[in-house]
Amino acid sequence: MEGSDDCFQIFLLHNPLWVHSYHYMKAIQILETGGPEVLQLADLPIPHPGPGQVLIRIEATGVNFIEIYFRKGQYKASFPLTPGSEASGTVEELGPGVQGFTAGDLVASVSVMGSYAEYALVPAAQLVKVPAGLTPEQAAAAMLQGMTAHYLAYSTFPLKAGDTALVHAGAGGVGLLLTQLAARIGARVITTVSTTAKAELSLEAGASDVILYTEQDFEAEVKNLTGGKGVDVVYDSVGKTTFDKSLNCLKPRGLLALFGGSSGAVPPFDPIILSGKGSLYVTRPTLWHYIATRAELELRAGEILGWAASGQLKLRTEHIFPLAEAAQAQTALESRNTTGKILLEP
Ligand code: NDP
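Residues numbered from 1 in each chain as written. Predicted model: local features only at pLDDT ≥ 70, side-chain atom pairs only at ≥ 80, totals over all residues. Heavy atoms only, no water.

Notes on the side chain of Gln330
Inspection of the secondary structure puts Gln330 in helix H11 (residues 326-334). Filtering out sequence-adjacent residues up to four positions away, Gln330 remains in contact with Leu39, Val63, Glu67, Ile68, Arg71 and Tyr116. (Helix = DSSP H or I, 4+ residues; strand = E, 2+ residues; numbered from the N terminus. Contact = heavy atoms within 4.5 Å.)

Here it is, written out as structure tokens:
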């Protein structure tokens, strides 16, 4: 029919949502729990932004332990699942009612709905603009681990100059950032790492003392380093293999922030042990409760991205994998050989 192509073009121009329903993207899809091999590249429809949502074209995706917990079934998810919550990208399309963002803005979030993909939706309330001077890769590397380090150092146990902190996995993604923040505040930071190469990185980040916890008894070393007094706070993301001794490293009324389980989950324990070891505090925090309001999200993201842009916070991205190699990226993170951040790029 003559002119039908023109009509079709005009229809598409005025109905971008309709266009998307016929456009596909590359994305990782998991059909069932399992090993890294369940992370399969698939062609999936580009999603449509609903009310309050923004569609972003992803530039860089952060790989985090939480995706491994979901993949293995340690955390519950419904399948099929496109994993991932952290990414930077450019705004592609705004859903109804969204204000404050424009197509083409460089943005980042830790609440992306499936960031192992070329496109994804984000609630606008969870999205922040990336300040000038930061690349998309730097923004994706800073957001989740950076805001985690921020809430641990400033809110869970607000460090003061002169405090002593023990940070496990000091050369890891969170570990390097938390060490920098704690050292900037003026705290003494003792870290644990598994290799001498990681020890060097941890010292560069500002640790005053580094313990090779795969060779040395970290509890005895912390006692030596603190003249038997112990530390004010332990930031423990390793969990199963460190928890008991972490408690023993604390001063009376000290606080253990157990924020991860890279070595496995901590088994149940009787709270009476906290009394016997010095009226200790234990908390199991998660980032989502520390960015629950727009004000808190803007404060933490603004400071972390701002410090990264001005060079006050050093980011370390060790590996960037293509999206199709998501399985290799997760294997690398699990392998215990990585330092700093791992990213995927579509
Ligand atoms: P890391 O880069 O820190 O990697 C994990 C590190 O843990 C390893 O490099 C390794 O360091 C150490 N580790 C010790 N034992 C093991 C083991 N058996 N298997 C694997 N690693 C081990 O990862 P992230 O910075 O991305 O995350 C760190 C932790 O923080 C994770 O547990 C994650 O779930 C948690 N997390 C929690 C958040 C929260 O809000 N609660 C938010 C973000 C992360 P080494 O070789 O030096 O021992």
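We are not done yet, so read on.
Quick word on the side chain of Asn64
Along the polypeptide, Asn64 turns up in the loop between strand E3 (53-62) and helix H3 (65-72). Classification of Asn64 by relative accessible area gives buried; the value is 4%. Within polar-contact distance, the side chain of Asn64 engages the side chain of Lys341 at 3.0 Å. Sequence-distant contacts of Asn64, defined by excluding residues within four places in its chain, comprise Glu86, Leu144, Gln145, Leu333 and Lys341. (Buried < 20%, exposed > 50% of the residue type's maximum accessible area, 1.4 Å probe, protein only. Polar contact = N/O pair within 3.5 Å; in protein donor to acceptor, adjacent residues only side chain to side chain.)

Topic: the site of the ligand
Near the ligand, the surroundings consist of 28 residues, among which Tyr151, Ser194, Lys198, Tyr213 and Leu287 are the closest. Between Gly261 and the ligand, the recorded distance is 3.4 Å, taken from a backbone N or O atom to an oxygen atom. Note that an oxygen atom of the ligand is positioned 2.8 Å from one of the backbone N or O atoms of Leu287. Contact with the protein chains removes 91% of the 900 Å² of surface that the ligand exposes when unbound. Secondary-structure elements contributing two or more residues to the shell around the ligand are H3, helix H4 (136-156) and helix H5 (173-185). At four residues, the largest contribution of residues to the shell around the ligand is made by H4. Of the domains in this structure, domain 1 (4-130 + 316-345) and domain 2 (144-288) are the two that each give at least three residues to the shell around the ligand. (Near = heavy atom within 4 Å. Areas by Shrake-Rupley, 256 points an atom, 1.4 Å probe, with all protein chains shown as cover. Domains from an automatic or database assignment.)

Overview of the domain arrangement of the chain
Taken domain by domain, the chain comprises domain 1 (4-130 + 316-345) and domain 2 (144-288). Placing a centre on the C-alpha atoms of domain 1 and another on those of domain 2 gives a separation of 32 Å. Buried area between domain 1 and domain 2, summed over both chains or domains, comes out near 1200 Å², and the portion from carbon and sulfur atoms is 55%. Between the two partners, domain 1 and domain 2, sit zero salt bridges. Counting across the interface, domain 1 meets domain 2 through five residue pairs in polar contact (both at pLDDT 80 or more). Split into classes, the residues belonging to the side of domain 1 that touches domain 2 amount to four nonpolar, seven polar and four charged. (Buried area = accessible area lost by both parts, 1.4 Å probe. Salt bridge = Lys/Arg side-chain N within 4 Å of Asp/Glu carboxyl O. Nonpolar A, V, L, I, M, F, W, Y, C, P; charged D, E, K, R; others polar.)

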